[in-house]
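Chain residues, written in single-letter form:
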Amino acid sequence: MSVPAFIDITEEDQASELRAYLKAKGAEISEENSEGGLHLDLAQIIEASDVCLKDDDKEVESVMNSIVSLLLILEAEKQETLIENLCEKLVKFREGERPSLRMQLLSNLFYGMDESAPVRYTVYCSLIKVAATCNAIAFIPTDLDQVRKWITDWNLNTEKKHTLLRLVYEALVDLCKSAEAAAKVMVELLGSYTEDNASQARVDAHRCIVRALKDPNTFLFDHLLALKPVRFLEGELIHDLLTIFVSAKLAAYVKFYQSNKDFIDSLGLNHEQNMAKMRLLTFMGMAVEFKEISFDTMQQELQIEADEVEAFVIDAVRTKMVYCKIDQTQRKVVVSHSTHRTFGKQQWQQLYDSLSSWKGSLATVKTSLQTLSPSA
């Protein structure tokens, strides 16, 4: 990708022009190029670029792009520290102001580098930080498959990988309001921990559980229990609460709430929303076990009144977690399908049995057709 340059002259002359420009703006920098080479010139130019960033005139973009263009022609081993210094300035200087310019400069730098260059990690993290200050995360690539590829391409160590995923997660949660995408990133983050470092993910695991419970469109939680950082929380109230949402009934949640009201409040969870979600989860479990459920049973298990049953069933069907219809005459709900809250060995066996039965039925149909049409 081509990056705009200050003027079409040699790198040495370009550095000299930049020095003169910054000097004229009041920067404490010599107009004479360094004898140590271009990378030392750029180190001094980047250090003095604050005066340029303070200015709102039209030349600023051209000047800063000139610095970027010079950075991109340096040898890789000389780029890293300079790029880190420039990124730090673009992230921290006048935070919240001129975000489009800062994002453009970082973007030019990011896409101008070799795709596998490890220092792109620093630039990408800086892009996210700047975008976060102006609600522009939607303009930054955050697709999880792409992020995974970059993590591999840049050969990130564990710490940097966790930092990157956490930045993406926080940006999606706090600014983009993309709960589903954020949840996937957090699960990826927690899944990257091992038995040896799972204890370090305590805060992330806690946040992941709370975010999932709070999300009005999340109803399945059993996959969280398999994550090592979440398993590390066993024995704590947050893990007990998650376990209830994974497989217990409404009555278990009510009992937990009565004993731990302050804890629920401290998590920022709404009790009434928890009750609504647990009613649905309880109904999903009932619908897996029974194909017909009486109104009386629903009232008892879901703690609702008779005149609330119909509205509840309509709302449940809207979630597409349960498919059923109401038989008002016989005061019952007839279930056609319900999503399993957990998917373990029993559910795999049921799936195997269903597929085997289906395969057998197809074989029978094929045999019958062959009998009717011998030439087939």
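Refer to the structure presented above.
Just so it is clear, the structure is predicted and the values come from calculations on it, not from any experiment.

K.L.:
Can you lay out helix 14 (residues 237-247) for me, pointing to particular residues and giving the numbers?
P.N.:
Helical geometry: 3.6 residues make up each α-helical turn, so side chains three or four residues apart lie on a common side. For helix 14, the complete set of buried residues consists of Ile238, His239, Leu241, Leu242, Ile244, Phe245 and Val246. Buried positions along helix 14 lie against helix 11 (202-214), helix 12 (222-225), helix 13 (228-231), helix 15 (250-259), helix 16 (261-266) and helix 17 (271-289).

K.L.:
So, unusual backbone geometry: which residues are in play, and what are the values?
P.N.:
Phi angles above zero are rare outside glycine, and Asn135 is one such case at about 55°. With respect to the element layout, Asn135 can be found in the loop between helix 7 (120-132) and helix 8 (144-153). Backbone geometry places Gln303, a non-glycine residue, at a positive phi of 55°. We classify Gln303 as partly exposed; its relative accessible area is 40%.

K.L.:
Let's hear about the packing of aromatic side chains: which residues, and what values?
P.N.:
Tallied over the full model, the rule gives 12 aromatic pairs. When the centroid spacing of 5.4 Å and the interplanar angle of 85° are considered together, the rings of Phe110 and Trp150 count as edge-to-face. On the criterion of sequence distance, the pair formed by Phe110 in helix 6 (residues 99-112) and Trp150 in helix 8 is long-range, its members being 40 residues apart. The pair formed by Phe110 and Trp150 is uniform in burial state, with each residue classed as buried. Taking the centre distance of 6.3 Å and the plane angle of 55° together, the rings of Tyr124 and Trp154 count as tilted. Highlighted residues: Tyr124 in helix 7 and Trp154 in the loop between helix 8 and helix 9 (158-176), separated in sequence by 30 residues. Like Tyr124, the residue Trp154 is buried in the burial classification. The positively charged end of Arg120 is found above the aromatic ring belonging to Phe110, 3.8 Å away from the centroid.

K.L.:
If you had to explain the packing of helix 1 (residues 11-24) against helix 2 (residues 38-48) to someone new, which residues and values would you point to?
P.N.:
Look at helix 1 against helix 2: their axes get within 10 Å of each other, and the N-to-C directions meet at 25°. Taken together, the axis directions place helix 1 and helix 2 in an arrangement best described as roughly parallel. The chirality of how helix 1 crosses helix 2 is left-handed. Every residue of helix 2 that contacts helix 1 at Glu11, Ala15, Leu18, Arg19 and Leu22 is listed here: Leu38, Asp41, Gln44, Ile45 and Ala48.

K.L.:
Go over the environment of Asn33 with me, naming the residues and quoting the values.
P.N.:
Tracing the backbone through its elements, the reader meets Asn33 in the loop between helix 1 and helix 2. For the pair Asn33 and Arg19, spaced 14 residues apart in sequence, the C-alpha to C-alpha distance is 7.9 Å. If near-sequence neighbours (up to four positions away) are discounted, Asn33 is found in contact with Glu12, Ala15, Ser16, Arg19 and Asp41. In this structure the side chain of Asn33 is engaged in a polar contact, spanning 3.4 Å, whose partner is the backbone nitrogen of Ser16.

K.L.:
A description of the sheet that holds strand 1 (residues 292-294) should follow, citing residues and the corresponding values.
P.N.:
The strand order 1-3-2 describes an open sheet built from 3 strands, whose pairing is antiparallel. Two strands in the sheet have a free side with no partner beyond their single neighbour: strand 1 and strand 2 (322-327). Neighbour-to-neighbour, the strand axes of the sheet open up by a mean angle of 25°, direction not taken into account. Strands in contact with helix 17 are strand 1, strand 2 and strand 3 (332-338); relative to strand 3, the strand with the most contacts, it is inclined by about 85°. Relative to strand 2, helix 19 (residues 309-318) is tilted by about 155°, and along the sheet it contacts strand 2 and strand 3.

K.L.:
Run through empty space enclosed by the protein, naming residues and quoting values.
P.N.:
Over the atoms rolls a probe the size of a water molecule, and its path tells where empty space is left. Evaluated as defined, the whole model comprises 2 cavities of 30 Å³ or more. Here the second largest cavity is characterised by a volume of approximately 40 Å³. Listing elements by their share of the lining of the second largest cavity, those giving two or more residues are helix 10 (179-191) and helix 11. Its residues assigned to classes, the lining of the second largest cavity comprises 3 nonpolar, 1 polar and 2 charged.

Cut-offs applied
- Residues numbered from 1 in each chain as written.
- Predicted model: local features only at pLDDT ≥ 70, side-chain atom pairs only at ≥ 80, totals over all residues.
- Heavy atoms only, no water.
- Buried < 20%, exposed > 50% of the residue type's maximum accessible area, 1.4 Å probe, protein only.
- Helix = DSSP H or I, 4+ residues; strand = E, 2+ residues; numbered from the N terminus.
- Contact = heavy atoms within 4.5 Å.
- Phe/Tyr/Trp six-rings, centres within 6.5 Å; stacked < 30°, edge-to-face > 60°.
- Lys NZ or Arg CZ within 6 Å of the ring centre and 35° of its normal.
- Axes fitted to C-alpha atoms, helices over the stretch in contact; angles between N-to-C directions.
- Parallel < 35°, antiparallel > 145°, perpendicular 65-115°, else oblique.
- Left-handed = near helix turned anticlockwise from the far one by under 90°.
- Polar contact = N/O pair within 3.5 Å; in protein donor to acceptor, adjacent residues only side chain to side chain.
- Pairing = 2+ DSSP bridges.
- 1 Å grid on protein atoms, 1.4 Å probe; cavity = no way out; pocket = protein on both sides within 12 Å on 5 of 7 lines; lining within 4 Å.
- Points joined across faces, edges and corners; volume = space filled by probe spheres on them.
- Nonpolar A, V, L, I, M, F, W, Y, C, P; charged D, E, K, R; others polar.

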